[in-house]
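Below, each chain spelled out in residue letters.
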Amino acid sequence: MHKLCFILSILLLGTVAAHSCAAGEKDGFMQLFSQDGAPKGWTVREWNDLTKKAKDADWVVKDGILRSGKRRGTWLVSDKEFSDFILEFEIRLGELGNSGVALRAPLKGDPAFDGMELQFADYRYNTAAKDSELTGGIYRAIAPTKQVYKPTDWNRCRIELKGVYLKVTLNGLVIQDVDLTKYDQSVKRHDGSDAPPVKDRPLQGHIGFQHLSRDAVPVQIRGVRIKELK
């Protein structure tokens, strides 16, 4: 009898484990920044030219939270390229916080103009900012439909990119749901020159997180996971 119970227990545990594995495979997400220390598979680069690796700058994971270093003006950029994907994370900034998420960025130039940048910034960072320069905007190109950013609090974001379609959900509300081919106007770079319209930006490239805050509070990001779409 005891032997039979033991066998049944083993079979039950095996069934539960198999179910858990199947659920994980069905979920399809890969956790990023799960280990403390310097992120592996990522490189710190200059904020306005990704060809240049940043000096005296670091981003570190501690207790499951990715934090920017003290030096302002950097991107933490994936070594790997992505095309179609779902990216989920939470982000928190200080009162003068400014960050962003690089999407499909080439390893050259400024992700905001040569790839795409989903902006994250406290409104106090730039009180004269245009709608497309506020949180949830594709920087200087596509304004979010609404402002739902929570200052100095954790903000939950989900970015879905598939082909020419972009959908962004912030704090449970959809703020971008667009066909990128509709955006055919060039935008101005920081030096006043023209950047390509969004419709002509790459459909594959690197992802990254920016630190451009004006205060001593680090950019903090947690719960980052990505699912590549076929």
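Below is a short write-up of the structure.

What counts, and at which threshold
Residues numbered from 1 in each chain as written. Predicted model: local features only at pLDDT ≥ 70, side-chain atom pairs only at ≥ 80, totals over all residues. Heavy atoms only, no water. Pairing = 2+ DSSP bridges. Helix = DSSP H or I, 4+ residues; strand = E, 2+ residues; numbered from the N terminus. Axes fitted to C-alpha atoms, helices over the stretch in contact; angles between N-to-C directions. Polar contact = N/O pair within 3.5 Å; in protein donor to acceptor, adjacent residues only side chain to side chain. Contact = heavy atoms within 4.5 Å. Salt bridge = Lys/Arg side-chain N within 4 Å of Asp/Glu carboxyl O. Buried < 20%, exposed > 50% of the residue type's maximum accessible area, 1.4 Å probe, protein only.

## What about the sheet that holds strand E9 (residues 116-121)?
Point 1. Taken together, six strands build an open sheet; the order of strands is E3-E2-E6-E15-E8-E9 and the sheet is antiparallel. A single partner strand is all that each edge strand has here, and the edge strands are strand E3 (49-53) and E9. Along the sheet, successive strands turn relative to each other by an average axial angle of 30°, direction set aside.
Point 2. Bridge analysis of strand E8 (residues 98-105) against E9 gives six bridges, and the strand direction is antiparallel. Each residue of the ladder has a partner; that of Ala-102, found in E9, is Glu-117.

## Section: the side chain of Asp-122
Point 1. By secondary structure assignment, the location of Asp-122 is in the loop between E9 and strand E10 (155-162).
Point 2. Separated by 2.8 Å, the side chains of Asp-122 and Arg-124 make a polar contact.
Point 3. Filtering out sequence-adjacent residues up to four positions away, Asp-122 remains in contact with Leu-93, Gly-94, Glu-95, Gly-97, Tyr-149, Pro-151 and Thr-152.

## A short note on the pattern of salt bridges
Point 1. Taken as a whole and judged by the stated rule, the model has 15 salt bridges.
Point 2. Here Arg-156 makes a salt bridge to Glu-90, at a shortest N to O gap of 3.4 Å. Highlighted residues: Arg-156 in strand E10 and Glu-90 in strand E7 (residues 85-92), separated in sequence by 66 residues.
Point 3. Overall, Glu-90 belongs to the buried group, its relative accessible area being 14%.
Point 4. Asp-200 is the partner of Lys-199 in a salt bridge, and the nearest nitrogen-oxygen pair spans 3.0 Å.
Point 5. It is possible to trace a salt-bridge network through shared partners that takes in Asp-27, Glu-88, Arg-158, Glu-160 and Arg-225.

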